[in-house]
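Residues per chain, in single letters:
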Amino acid sequence: MSMTDELTVDGVLGYEVFVSESIPLALPDRLPNGEGRTWAPISTTLVYGERDAVLIDPPLTAAQAVGIGDRIEAGGKRLTHILATHAHGDHWFTADMLAGRFPGAQVTALAATIEQMHRALAARKSFWDKILPGQIPASPVTAVPPDGNRIELENHELIIVDVGHSDTDDTSVVHIPDLHVVVAGDVLYNGVHQFLVDSGNGGRDAWRKAISVVEALAPRQIVAGHKIKERDDDAARVIAETRRYLDDVDELLPRHPTPEGFFNAMLDRHPGHINASSLWGSAQALYAGH
């Protein structure tokens, strides 16, 4: 886990990012480059005032949630909300567990995201429990939509912005104007191979539109849903790198007839990126049926 530099405005307002490290998956195959299969590091953000705090994108496994809960408890803030930006299980499956640890914390998400969460839960046994057996706690959908798509934190607004499709449908970001920060979920990535499984059939163009929505909010800092923990949150760099990755996908896909060729070309293009497992899963999906 890592902590950002604290940012403050009038009174007390700041954010802290916990990065849960990559974890191995229970899959027998290895990547074309010989690496084992892993799940990407996950960013969970705590936005806090003098007394209260809001947690954005709780992590995937029970062990990850225990570590984050310990950090919240040590900080002494009262947790009022647990918010999911989108329905991928690695950004909300431990929400109920953490809500149980911090009574009074309301799990919340946009209404469209909640509908997608029910679909994700239905697929849990066939996917998540196979790749991470015994590691994910009970994950009922308990989220409710926030009033006016806003959460108030000690007279500061956290605005939940619907951006449509990014790496999945019905995604959102959290804009914190008083910090000039956007917590971007999976709309933006920071040094981690992007999830492209749902990026075909115009999905990458829709994703670019979502990025433009975030850019129009003029943030100085962007917390990416998956990041290298040592990297900063500089908004201009994060936006440019995420866009460049999508552009490289468009360039390299037609050049390579096989998923292995595309996988290797993307590794060459982005040698500093981590979690090639996401790239290989994406390549297999993009080439399926070709």
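Not measured: the values here are computed from a predicted model. (Residues numbered from 1 in each chain as written. Predicted model: local features only at pLDDT ≥ 70, side-chain atom pairs only at ≥ 80, totals over all residues. Heavy atoms only, no water.)

A. Here's a closer look at the side chain of aspartate 248. By the secondary structure assignment, aspartate 248 is in helix H6 (residues 235-252). On the basis of relative accessible area, aspartate 248 is assigned to the buried category, the value being 7%. A polar contact of 2.9 Å, which involves the side chain of aspartate 248, links it to the side chain of arginine 269. Setting aside residues up to four positions removed in sequence, aspartate 248 forms contacts with Met266, Arg269 and His270. (Helix = DSSP H or I, 4+ residues; strand = E, 2+ residues; numbered from the N terminus. Buried < 20%, exposed > 50% of the residue type's maximum accessible area, 1.4 Å probe, protein only. Polar contact = N/O pair within 3.5 Å; in protein donor to acceptor, adjacent residues only side chain to side chain. Contact = heavy atoms within 4.5 Å.)

B. Expanded view of the pattern of salt bridges. Tallied over the entire structure, the rule returns 21 salt bridges. Arginine 51 is the salt-bridge partner of glutamate 154, the closest N and O atoms lying 3.9 Å from each other. Placement of glutamate 154 in the loop between strand S8 (150-153) and strand S9 (156-164) and of arginine 51 in the loop between strand S4 (42-48) and strand S5 (52-56) is noted, with a sequence separation of 103 residues between them. The exposure class of glutamate 154 is buried, given its relative accessible area of 18%. A salt bridge links glutamate 73 to arginine 101; the nearest nitrogen and oxygen atoms lie 3.5 Å apart. Of this pair, glutamate 73 sits in helix H1 (residues 62-75) while arginine 101 sits in helix H2 (residues 95-101), placing them 28 residues apart in sequence. Judged by its relative accessible area of 28%, arginine 101 is partly exposed. Salt bridges here are not isolated pairs; linked through shared partners, they connect Arg204, Asp205, Arg208, Asp247 and Asp250. (Salt bridge = Lys/Arg side-chain N within 4 Å of Asp/Glu carboxyl O.)

C. Expanded view of helix H3 (residues 111-122). For H3, spanning twelve residues, the distance from its first C-alpha to its last is 17 Å, which sits close to the expected 16 Å at 1.5 Å a residue. Turning to H3, its buried residues are Thr113, Ile114, Gln116, Met117 and Ala120. All buried residues of H3 lie within an arc of 160° about the axis, which places them on one face of the element. (Expected span 1.5 Å × (residues − 1). Arc of directions from axis to C-beta.)

D. Layout of unusual backbone geometry. Of note in this structure, asparagine 149 is not a glycine but carries a positive phi near 55°. With respect to the secondary-structure elements, asparagine 149 resides in the loop between helix H4 (128-131) and S8. Positive phi values are uncommon outside glycine, yet asparagine 201 reaches one of about 55°. When you line up the elements, asparagine 201 lands in the loop between strand S12 (189-190) and helix H5 (203-216). Judged by relative accessible area, asparagine 201 falls into the exposed class, the value being 88%.

E. Quick look at the packing of aromatic side chains. Using the criterion set out here, one finds eight aromatic pairs in the structure. Plain terms: the ring middles of phenylalanine 262 and tyrosine 287 are 6.0 Å apart, the flat faces sit at 45° to each other, and that makes the pair tilted. Of the two residues, phenylalanine 262 is situated in helix H7 (residues 259-269) and tyrosine 287 in helix H8 (residues 276-287); the sequence distance between them amounts to 25 residues. Assigned by exposure class, phenylalanine 262 and tyrosine 287 land together as buried. The interplanar angle of 75° and the centroid separation of 5.5 Å between the aromatic rings of phenylalanine 263 and tryptophan 280 together place this pair among those described as edge-to-face. Of this pair, phenylalanine 263 sits in helix H7 while tryptophan 280 sits in helix H8, and the two are 17 residues apart along the sequence. Overall, the relative accessible area of 0% leaves phenylalanine 263 in the buried class. Residue class for tryptophan 280 comes out buried when judged on its relative accessible area of 7%. Connected via pairs of aromatic rings, a cluster forms that spans Trp39, Trp92, Phe93, Phe127 and Trp128. Residue placement shows arginine 124 over the ring face of phenylalanine 93; its charged tip is 5.8 Å from the ring centre. (Phe/Tyr/Trp six-rings, centres within 6.5 Å; stacked < 30°, edge-to-face > 60°. Lys NZ or Arg CZ within 6 Å of the ring centre and 35° of its normal.)

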